[in-house]
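The residues making up each chain are set out below.
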Protein chains: 2
Amino acid sequence: MTATKPLTRIQQKNRAAILDAALDVFSAHGYRGATVDQIALQAGLSKPNLLYYFPSKDAIHVALLTGLLSTWLAPLEQLDPDGEPVEEILKYVDLKLTMAETYPRESRLFANEIVQGAPRIHDNLTGPLRRLVDEKCAVIAGWIARGLIAPVDPHHLIFSIWATTQHYADFDVQVRAVLGDAAENRFAIAREHLRMLFSRLLTPGAAG
Amino acid sequence: MTATKPLTRIQQKNRAAILDAALDVFSAHGYRGATVDQIALQAGLSKPNLLYYFPSKDAIHVALLTGLLSTWLAPLEQLDPDGEPVEEILKYVDLKLTMAETYPRESRLFANEIVQGAPRIHDNLTGPLRRLVDEKCAVIAGWIARGLIAPVDPHHLIFSIWATTQHYADFDVQVRAVLGDAAENRFAIAREHLRMLFSRLLTPGAAG
DNA sequence: GTCTATAGAAGGATAGAC
DNA sequence: GTCTATCCTTCTATAGAC
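J.: Run through the interface of chain A and chain B, naming residues and quoting values.
T.: Taken residue by residue, the interface counts 59 residues in chain A and 59 residues in chain B. Where chain A abuts chain B, roughly 5,100 Å² becomes buried across the two surfaces, and 66% of that area is made up of carbon and sulfur atoms. At the junction of chain A and chain B, the tally comes to zero salt bridges. Where chain A touches chain B, the interface holds 14 residue pairs in polar contact (both at pLDDT 80 or more).

Structural data, given as C-alpha cells:
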C-alpha cells in the first residue's frame, strides 16, 4: 500500500528538511515576509532544488498548514465525553499549554495566517474545525445540563482556552519582555495559573 | 506653542488619511504583505504624493505603532489603586473587550508585529510597557496581600486578560467561522462570559 | 503639492548544463 | 537531483515636469 508515488529515502529527507525550514521562516515572518531563498538556505538546498520538490512557495505553505492542522486539533479530539468533566477540561488546558511550549512555531504559523484573515485555510475553519468544536461543545453542554460543571457558554469557554494557552507561544516576545528575568519559569507558573483560572470557573457550586 | 512645524489643514487631512489607510492595510496583511501602492490608493493619493508626507513605508509603520501605543495602553493606566479591587479588574476586562470590538484594526496591527518578534517596537515592550505592567502588578499584589482579591500571579492575570479579550479581534475570522450564524452577538456573550471567568477567579473565599 | 515616468533592488520561478 | 545563470514581475523610492 505504499503505492502510486514511493519516495526515495533522500526525497523524504529533503522534503522533511524543507518543511521544517519553511515552518521556521513562515512562522517568524509570515507568508509574505518569508522568502524562498531563506527557506532554501536554511534547508541546505539551492532555490531551484527546493522548487524541484515543491512547485511554488504557496504550495509549501499550504502543505505545511494542512499537514499540521490535524496535529494542532488532536488535543481537542481527545476530550473524553465519558471522563470526569472538570478534569477532562483541565487536562485539555494543560495539553494546549504544553503544545504552546513545545510547538511555538506551529502556533505562530496559524496565528499569522488567522490574524490576516486565514486566506488559505478559511474552508478548514468553517468545515472540519467548526464540526469538531460543535461536537465537543455538545459534550460540554451535556455536562452542564447534568450539573457536572458550572454553566458557561461552551464555545466561549473553548475560545478562552485557546486564547490563554496560545498566548504564551504567539506573544512570547511580549511575555518575555514584560517578565524580564522572571520569564524563565513562565510556563510552569502559567500552568498553575490557568489550572486555577479554569478550575474556579467550572467547579460547580463555587459561585451563584 | 504650535511651534516648529505648523501643518496646514490639507497636510493634517492627508496625513490622517494616510495613517488610516495604512492601519487598514498593515493590520490586514502585515508589514511585508502591505504595499505602498495599496495604502496610497486607499488614502486617495498617488504613491509619490504619499511619499511626500512620509519618507518611507517603514516610517509610516513606525508612526502608526508608536502613535497608537499610548491609546492601546490607556485602559491599563486607568486601573485605580483606590477603587474596589474586583470591580476595577472587571472594568478593565470590559474596557479591553470594548477596545477589541471598537478597534480591531489596532489590535491586529500589534498582533502582527508581536507574533513576528516585535522587530520595530521591542524597546517599547521592555521599556514603557514593562514599567506600566510592573506598576499595576504591584497594585494587584497589594490587593492580594490585604485579602481583597484571591491570590493569583498578577502578571499572568494580565496576560490572561489580554489574551482572552484581544482574541476576539485578532482571531475574529476564526471566531466567526466557528460560531457560524450565532456569531452576530459574539461580543455580548463574550462580555458576560469573561466577566464570569475573572469574577470567579478573583472573588476571595470562593475557593480554597 | 501633486502628478507621470522610471530607476534600482528583490523575489518567484524557469532554462538548461551536468 | 542538483546546480549556475537568468527571466520577469513586483515593489520601494526618486527624478523632474507642472
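J.: Describe the protein's contact with DNA strand D, naming the residues involved and giving the relevant values.
T.: Around DNA strand D, 18 residues are found, and the nearest of them are A:Gln11, A:Ser46, A:Tyr53, B:Lys47 and B:Lys57. Close to the protein, within 4 Å, the atoms of DNA strand D belong to sugar or phosphate groups at a rate of 57%. Within the contact set of DNA strand D, a sugar or linking oxygen lies 3.0 Å away from a side-chain nitrogen or oxygen of A:Asn49. Between B:Ala34 and DNA strand D, the recorded distance is 3.3 Å, taken from a backbone N or O atom to a phosphate oxygen. Elements that contribute at least two residues to the surface near DNA strand D include exactly helix H1 (9-33) and helix H3 (47-53) of chain A together with helix H3 (47-53) of chain B.

J.: Can you explain the layout of surface pockets? Please cite residues and give values.
T.: Put simply, the largest pocket is a space of about 260 Å³. Around the largest pocket, the lining is made up of 21 residues, and of these A:Tyr31, A:Arg32, A:Gln116, A:Arg120 and B:His29 lie nearest the centre. Of all the elements in the fold, those that place two or more residues in the lining of the largest pocket are H1 and helix H6 (104-115) of chain A together with helix H1 (9-33) of chain B. Looking at side-chain class alone, the lining of the largest pocket contains six nonpolar, eleven polar and four charged residues. One number sums up the size of the second largest pocket: a volume of about 210 Å³. If you go around the second largest pocket, you meet 14 residues; those closest to its centre are B:Tyr31, B:Arg32, B:Gln116, B:Pro119 and B:Arg120. Put simply, the parts of the chain that give the lining of the second largest pocket at least two residues each are H1 of chain A together with H1 and helix H6 (104-115) of chain B. Broken down by element, the lining of the second largest pocket gets its largest block of residues, four residues, from H1(B). Its residues placed into classes, the lining of the second largest pocket shows five nonpolar, six polar and three charged.

About the thresholds
- Residues numbered from 1 in each chain as written.
- Chains lettered and ligands numbered in written order.
- Predicted model: local features only at pLDDT ≥ 70, side-chain atom pairs only at ≥ 80, totals over all residues.
- Heavy atoms only, no water.
- Contact = heavy atoms within 4.5 Å.
- Buried area = accessible area lost by both parts, 1.4 Å probe.
- Salt bridge = Lys/Arg side-chain N within 4 Å of Asp/Glu carboxyl O.
- Polar contact = N/O pair within 3.5 Å; in protein donor to acceptor, adjacent residues only side chain to side chain.
- Near = heavy atom within 4 Å.
- Helix = DSSP H or I, 4+ residues; strand = E, 2+ residues; numbered from the N terminus.
- 1 Å grid on protein atoms, 1.4 Å probe; cavity = no way out; pocket = protein on both sides within 12 Å on 5 of 7 lines; lining within 4 Å.
- Points joined across faces, edges and corners; volume = space filled by probe spheres on them.
- Nonpolar A, V, L, I, M, F, W, Y, C, P; charged D, E, K, R; others polar.

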